[in-house]
Amino acid sequence: MELPVISNTAESGGGGCSSHSCGSTADQLNQIPDEILQKVFNHPCYSEDAHHHFARMHVAVAPACNIQCHYCNRKYDCANESRPGVVSELLTPDQAAKKTLVVASEIPQMSVLGIAGPGDPLANPERTFATFQMLSEHAPDIKLCVSTNGLMLPQSVDEIAKHNIDHVTITINCVDPDVGAKIYPWIFWNNKRIKGREGAAILIEQQQKGLEACIAKGILVKVNSVMIPGVNDEHLKEVSRVVKSKGAFLHNVMPLIAEAEHGTFYGLTGQRGPTQDELQALQDACAGDMNMMRHCRQCRADAVGLLGEDRGAEFTLDKIAEYELDLEGAAARRAEVRDRIAAELEEKRNAKAAAPAPKLVALDMSGLATKEALRPVKMAVATSGGGLINQHFGHAKEFLIYEASEKGVRFLGHRKTDLYCTGGDTCGDADTTLQQTVKALEGCEVVLCSKIGYEPWGMLEEAGIAPNGEHAMEGIEDAVMAVYAEMASAGKLVETAEVPAQSAA
Amino acid sequence: MALEINDLCVNCWACEPLCPNKAIYSAAPHFEIDPDKCTECAGDFADAQCAAICPIEGAIVDELGDALNPPGSLTGIPLQLLAEAAGSAAGTAAKTS
Ligand code: SF4
Ligand code: SF4
Ligand code: SF4
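Here is what the cut-offs are and how they apply
Residues numbered from 1 in each chain as written. Chains lettered and ligands numbered in written order. Predicted model: local features only at pLDDT ≥ 70, side-chain atom pairs only at ≥ 80, totals over all residues. Heavy atoms only, no water. Helix = DSSP H or I, 4+ residues; strand = E, 2+ residues; numbered from the N terminus. Buried < 20%, exposed > 50% of the residue type's maximum accessible area, 1.4 Å probe, protein only. Contact = heavy atoms within 4.5 Å. Areas by Shrake-Rupley, 256 points an atom, 1.4 Å probe, with all protein chains shown as cover. Pairing = 2+ DSSP bridges. Axes fitted to C-alpha atoms, helices over the stretch in contact; angles between N-to-C directions. Polar contact = N/O pair within 3.5 Å; in protein donor to acceptor, adjacent residues only side chain to side chain. Buried area = accessible area lost by both parts, 1.4 Å probe. Salt bridge = Lys/Arg side-chain N within 4 Å of Asp/Glu carboxyl O. pLDDT = per-residue confidence, 0-100. Phe/Tyr/Trp six-rings, centres within 6.5 Å; stacked < 30°, edge-to-face > 60°. Lys NZ or Arg CZ within 6 Å of the ring centre and 35° of its normal. Near = heavy atom within 4 Å. Nonpolar A, V, L, I, M, F, W, Y, C, P; charged D, E, K, R; others polar. Parallel < 35°, antiparallel > 145°, perpendicular 65-115°, else oblique. Left-handed = near helix turned anticlockwise from the far one by under 90°.

Okay, the overall build of chain B next. The helix and strand tally for chain B stands at 2 helices and 4 strands. Taken from the N to the C terminus, the helices and strands of chain B come in the order β-β-β-α-β-α. Going through the 97 residues of chain B one by one, you find that 35% of them count as buried. The long-range share in chain B, meaning contacts at least 24 apart out of those at least 6 apart in sequence, stands at 42%. Carbon together with sulfur atoms contributes 57% to the accessible area of chain B, which is approximately 5300 Å² in total.

Have a look at this one:
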């Protein structure tokens, strides 16, 4: 029996996006023009291949905000962009532009700059656009991104279109003012503070207008949503449908993180965040079928550097002020790096294409009672890139989650190990890193890695997750399928009453 | 007639650009209002602009020291929870939740 590896196909079987509920069938994809798809597929933030090679950074220049979200404490950065409780160093537009240029000189892989919180970039248009202006001038090859709550987006679209802005991210948590009233206590609008449902209704209207205006101008729009169980979790499927039908290329669902220590409404009233499994199920229903899109890392706004590394500490304001820029030299180095990476990626893609049917994984089902349906299994993979199982369990900052089923292997998304509070003085007796990692793998039955230590091995087994180091350096999809086949032959996959198939539905 | 910013201010800059009289300026440890310039927005806006956007309850007060945005008025957090949170922050590292 041949099992295809499902990549970008619309029909995804168990747990997948049913085309009716989230509107991202092949039809939907066809609405997105080719050049936009191209742009997205080569984008360091969304391409699994590319993002291991490119670096991105965020700067904070725009501290003011014009709305209040119930999960945000304004002592800290915009919670839409960072984990709650993070404080970024506020820069002037001059400092921000210089910092970006310095980083782009020192790290030639630097290719994306985002303007992020604290605050809303479009509530501070002068500072935001002054920064973009300087960068478009001095480093036109760097892609610029702006993230906003959307309130001032319709008014800002013309200005955005003037700059080298690659895409706009809007955080949209609802399209229904009744839901909005439970998320946004107030907005500042036309020189007044407007509370409750009325404020939420204006915000929603502005977000939708802004989204439409960006699409009409050919600006890429990504939509982020914060999943708040019991408030907007079911509603986000509707949000997904609406924003995609208007042309957003990606709808990205993030978990609510609420702790009493953050002092937010949700934190203090005990609103819980979603479990990893709830999150994944909703992401699955909303992310659509475009596998590559699932590689959006919801990157932390406060990190500098390549994926998984943070070199922010190297770039202090003193160092930046003293640094002598060689703009042309740096641009040339970046161009060289980009060409090299492009060539490498091309080569890899060609190699993949040339390999004999690499996407087909044989699963020997002979000797099995194949009449019985096999349940799908989620597996976590530790990888440092290249499509291989090549990372030590203890080194993994994130895991790729795959679902194996009779239909094949499907990539579901990432899970970060540091998503939740990392302890320290603000969090009291928080979990150990290891406990957090195990928690992050909830719902997975197997974790594949190159090596794993004794202690984590025990903890994983206790949590019902089988550690597996037998497939080190093998291709991920082949290995996942091989493990699935083993489980099948061991009779572990037959649907039984006491093993509910969580994701089949 | 003038408003005042106190040490609850988190220096978020939201109020500064809105003042019709340029009365608000960035200072350490927090933003300040120049009492000679502040008119409480009389004649310009129906609501005092700084107080209409300030996200922090209690940070902006009038001449009597009364908060324009009293506790709970912006966040919607019940007063009892606010008091508990303040209590546990003020106390030792003892965790209540
Ligand atoms: S938009 Fe960002 S900064 Fe403003 S309240 Fe919401 S999370 Fe906080
Ligand atoms: S009340 Fe009006 S005039 Fe006075 S500081 Fe605030 S914004 Fe300025
Ligand atoms: S809006 Fe409030 S918290 Fe922000 S700077 Fe002004 S007074 Fe301070």
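Turning our attention to the sheet that holds strand β14 (residues 398-405) of chain A. Residue and element names in this part refer to chain A. In spatial order, the strands read β15-β14-β13-β16-β17; together these 5 strands make up an open sheet with mixed pairing. The sheet terminates laterally at β15 (408-416) and β17 (466-468), the two strands that pair on one side only. The mean inter-strand angle of the sheet, taken between neighbouring strand axes irrespective of direction, is 25°. Pairing between strand β13 (residues 377-381) and strand β16 (residues 446-448): 3 bridges, direction parallel. If you follow A380 over to β16, its bridge partner there is V447. Taken strand by strand, helix α16 (residues 476-489) contacts β13, β14, β15, β16 and β17, and its axis lies near 50° from that of β14.

Here we come to the pairing of strand β7 (residues 186-189) of chain A. For a regular strand, side chains alternate in direction, first toward one face of the sheet and then toward the other. All names here are of chain A. Of the two faces of β7, the one holding W186 and F188 and the one holding I187 and W189 are both buried throughout. With 4 bridges connecting them, β7 and strand β8 (residues 192-195) associate as antiparallel partners. Its bridge partner being in β8, W189 is matched across the sheet by K192.

Right, let's get into the side chain of R375 of chain A. Mapped onto the elements of the fold, R375 of chain A is located in the loop between β12 (360-362) and β13. At 2.6 Å, the side chain of R375 of chain A and the side chain of E445 of chain A are in polar contact.

Taken together, the contacts link 25 residues of chain A with 27 residues of chain B. For the pair chain A and chain B, the two sides together bury roughly 1900 Å², of which 60% comes from carbon and sulfur. Viewed at the interface, chain B and chain A are joined by 0 salt bridges. Linking chain A to chain B there are 6 residue pairs in polar contact (both at pLDDT 80 or more). Looking at the side of chain A that touches chain B, the elements with two or more residues in it are β7, β8 and α10 (265-269) of chain A.

Before going further, it helps to spend a moment on the environment of L82 of chain B. Tracing the chain through its elements places L82 of chain B in helix α2 (residues 79-90). Ignoring anything within four residues of it in the chain, the contact list for L82 of chain B reads L268 of chain A together with E57, P71, G72 and I77 of chain B.

Next up on the list: the confidence of the model for chain B. Residues and elements named next belong to chain B. Residues at a pLDDT of 70 or more form 90% of chain B, whose mean pLDDT is 88. Below pLDDT 50 for its whole length, residues 91-97 participates in 5 contacts with residues either more than four positions away or in separate chains. The ipTM assigned to the predicted complex is 0.90, against a pTM of 0.74.

Working definition: the strands of a sheet are paired by backbone hydrogen bonds and lie parallel or antiparallel to each other. Residues and elements named next belong to chain A. Strand order in the open sheet formed by 3 strands is β3-β7-β8, with antiparallel pairing between adjacent strands. Because the sheet does not close on itself, it has two edges, and the strands there are β3 (67-68) and β8. Where helix α8 (residues 196-216) meets the sheet, it contacts β3, β7 and β8, and its direction lies at approximately 105° from that of β8.

Quick look at the packing of aromatic side chains now. Applying the stated criterion to the full structure yields 6 aromatic pairs over all chains. Plain terms: the ring middles of Y402 of chain A and F411 of chain A are 5.2 Å apart, the flat faces sit at 55° to each other, and that makes the pair tilted. Both residues of the pair, Y402 of chain A and F411 of chain A, belong to the buried class. Three or more aromatic residues joined by ring pairs form one cluster here, namely Y71, F265 and Y266 of chain A. Looking at R127 of chain A, its charged tip hangs above the ring of W13 of chain B, at a distance of 5.3 Å from the centre. Over the ring of W186 of chain A we find R193 of chain A; its NZ or CZ atom is 4.4 Å from the centre of that ring.

Further remarks concern the site of ligand 3. Around ligand 3, the neighbouring residues are I5, C9, V10, N11, C12, W13, C15, F31, C54, P55 and I56 of chain B. Across the shell around ligand 3, the residue classes tally to 10 nonpolar, 1 polar and no charged.

Before going further, it helps to spend a moment on the packing of helix α6 (residues 153-162) of chain A against α8 of chain A. All names here are of chain A. Packing of α6 against α8 leaves a shortest axis separation of 8 Å and a crossing angle of 20°. The orientation of α6 with respect to α8, classified from their angle, is roughly parallel. Handedness of the crossing formed by α6 with α8: right-handed. Between α6 and α8, the contacting residues are L153, P154, Q155 and V157 on the first element and Q206, K209, G210, L211, A213 and C214 on the second. Residue composition of the contact of α6 with α8, by class: 6 nonpolar, 3 polar and 1 charged.

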